[in-house]
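# Observations on the three-dimensional arrangement
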Amino acid sequence: MTVDTLRDALLEFLMIPSVGGTAAEAQAQQWVADTMRGWGWDVEVWTDDPAAFAEHEDYPGMEVPRSQVVGVIGKPPGSAGSRLILGHTDVVPSGPVPQIDGDRVIGRGSVDMKAGLVAGMFAALGAGGDVAVCAVSGEEDGGIGAFLALQHGITAQQCVIPEPTSLTIMPANAGSLTFRVVLPGVAAHGARRWDGHNALEALPDVLARLRELETSRNTDVPEVLRSWPIAYPISVGRIAGGDWPSTVMSLVALEGRYGVRLGESIPEAITAFEEALEGTGAHIDWFGGRYAAAALPSDDPLVQQLTIAHAGVTGQAPAVIGGTYGSDLRQLLAAGIPTVQYGPGDAALAHSEDEEVSLADVQRCREVLQRWLQM
């Protein structure tokens, strides 16, 4: 397998602007299906209306509207798919135009996670045997694609998700929830502001309480997450309020991300957040994706096998750390499938204007995954 083959496939894949919730999501899934059909593999494609599953107890939520979600799984003829490569094809909006600059592949999705999926696909092609590749969409805003793939009965004895980990092994992810905090006020003319109450005045107290909550939640962090400055961040990403410069602000709304701790259920995490804001007058909504925290034991055979494969290719043992973000890993683990993340690219570049990946890392990832698949 040459680097040129990986490069050409990845660039073609990146040219599909598969932003979450757009028609190009399905086009990217079709690209994966057509590529595997071209290899002579058996390919199954399904299309679901996510609304039909909205009441399911494990429904992961969505942050962008979709009327359909397309899933793809491919296997060499005769394969039962006991070893699975699973990756998502959806990307977040904007980003650099796809291009090649020497060893660098630039473009939205190059890191998160089309490079990893291409590496995994070609690793499976090279390995052959009892392998499978599943492509899903909707991971960026909840994981609806992996959820639906599980409803269609996908299973495996082991799974690797080639998310960008800089070729470290990630057997654990903290979870995350999306919150909306609404602070009420009373509107009045700005010339008589004493007749009203500015909702903005509650903001400093709310932000201080969120910082205190974040600090308290990061005092006893498991070893697998201790390399990060903050294992369970709380971040406000959007704020809005007011409708006229000379009107006292009657409402302020904050939206953000809340980290879920390993070993903590989503209801427990919600309770801790809501208790922290008691007495502020805040109304709290939970919307969008619901990423539970999840972890595979670091001594699981899958971790050991990947460690051996990585060392065999690179000459060095890989780091084993957890991620501070949510991913589809928690859905595979909940389904009883031992799963880790291992892929090319620096996650710090994901969703950024500088998103790019090294072709050498993509090729190295392919070699490691192929070696693992052949064990």
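See the structure printed just above.
These figures come from a predicted structure and were not determined experimentally. (Residues numbered from 1 in each chain as written. Predicted model: local features only at pLDDT ≥ 70, side-chain atom pairs only at ≥ 80, totals over all residues. Heavy atoms only, no water.)

Turning our eyes to something else, we now look at the overall build of the chain. Counting its regular elements, the chain contains nine helices and 15 strands. Since a compact globule built from 375 residues should have a radius of gyration of about 21 Å, the 22 Å found for the chain is in line with a globular shape. Each principal axis of the C-alpha atoms in the chain carries an extent, and together these give about 75 × 45 × 40 Å. With 375 residues in all, the chain has 53% of them scored as buried. Here the analysis covers contacts within the chain between residues at least 6 apart in sequence; of these, 81% occur between residues at least 24 apart. Total accessible area on the chain is roughly 15700 Å²; 51% of this is exposed by carbon and sulfur atoms. (Helix = DSSP H or I, 4+ residues; strand = E, 2+ residues; numbered from the N terminus. Rg over C-alpha atoms; globule rule 2.2 N^0.38 Å. Buried < 20%, exposed > 50% of the residue type's maximum accessible area, 1.4 Å probe, protein only. Contact = heavy atoms within 4.5 Å. Areas by Shrake-Rupley, 256 points an atom, 1.4 Å probe, with all protein chains shown as cover.)

With that settled, the discussion passes to the pattern of salt bridges. This structure, assessed with the given rule, holds 19 salt bridges. We note a salt bridge from E264 to R261, for which the minimum N-O separation is 3.8 Å. The exposure class of R261 is partly exposed, given its relative accessible area of 31%. Note that D361 is salt-bridged to R364, the shortest N-O span being 2.7 Å. Within this pair, D361 and its partner R364 are both found in helix α9 (residues 359–373), separated by three residues, close to a single helical turn. If you follow the salt bridges from partner to partner, you end up with R180, R238, E255 and D285 in one network. (Salt bridge = Lys/Arg side-chain N within 4 Å of Asp/Glu carboxyl O.)

Turning next to helix α1 (residues 3–14). The α-helix advances 3.6 residues per turn, and as a result positions three or four apart in sequence lie on the same side. Spanning twelve residues, α1 covers 16 Å between terminal C-alpha atoms, matching the ideal 16 Å at 1.5 Å per step. Regarding α1, the residues found buried are L6, A9, L10, F13 and L14. Buried residues of α1, seen end-on, are gathered within an arc of 130° and therefore sit on one face of the element. Among the structural elements, α2 (24–38), β5 (104–106), α3 (110–127), β15 (356–358) and α9 are those in contact with the buried residues of α1. (Expected span 1.5 Å × (residues − 1). Arc of directions from axis to C-beta.)

So, on to the sheet that holds strand β12 (residues 283–291). Ordered in space as β10-β11-β9-β12, the four strands form an open sheet in which the pairing is antiparallel. Each edge of the sheet is formed by a strand with only one pairing partner; in this case those strands are β10 (234–241) and β12. Ignoring which end each strand starts from, the neighbouring axes of this sheet average 20° apart. Sheet topology note: the strand β9 (residues 175–184)/β12 ladder contains seven bridges and is antiparallel. (Pairing = 2+ DSSP bridges. Axes fitted to C-alpha atoms, helices over the stretch in contact; angles between N-to-C directions.)

The next subject is the layout of surface pockets. Size it by volume and the largest pocket reaches roughly 1100 Å³. For the largest pocket, the lining is made up of 33 residues, of which E140, S176, R257, Y325 and H351 are closest to its centre. Within the residue set of the lining of the largest pocket, elements represented by two or more residues are β9, β10, β11 (251–260) and β12. Each residue belonging to the lining of the largest pocket can be placed in one class, and the counts come to twelve nonpolar, twelve polar and nine charged. Counted as a void, the second largest pocket has a volume near 380 Å³. Surrounding the second largest pocket, 15 residues form its lining, D58, Y59, R330, Q331 and A334 being those nearest its centre. Those elements giving two or more residues to the lining of the second largest pocket turn out to be α4 (144–151) and α8 (329–334). Taken together, the residues that form the lining of the second largest pocket break down as eight nonpolar, three polar and four charged. (1 Å grid on protein atoms, 1.4 Å probe; cavity = no way out; pocket = protein on both sides within 12 Å on 5 of 7 lines; lining within 4 Å. Points joined across faces, edges and corners; volume = space filled by probe spheres on them. Nonpolar A, V, L, I, M, F, W, Y, C, P; charged D, E, K, R; others polar.)

Another aspect to go through is the state of the cysteines. Counted by the stated rule, this structure contains zero disulfides. A disulfide-free cysteine, C134 has its sulfur positioned 8.3 Å from the sulfur of C159, the nearest such atom. Classification of C134 as buried rests on a relative accessible area of 0%. Between C365, a free cysteine, and C159, which holds the nearest cysteine sulfur, the sulfur-to-sulfur gap is 13 Å. (Disulfide = S-S within 2.5 Å.)

In short, the description is geometric, and any link to function would need to be established separately.
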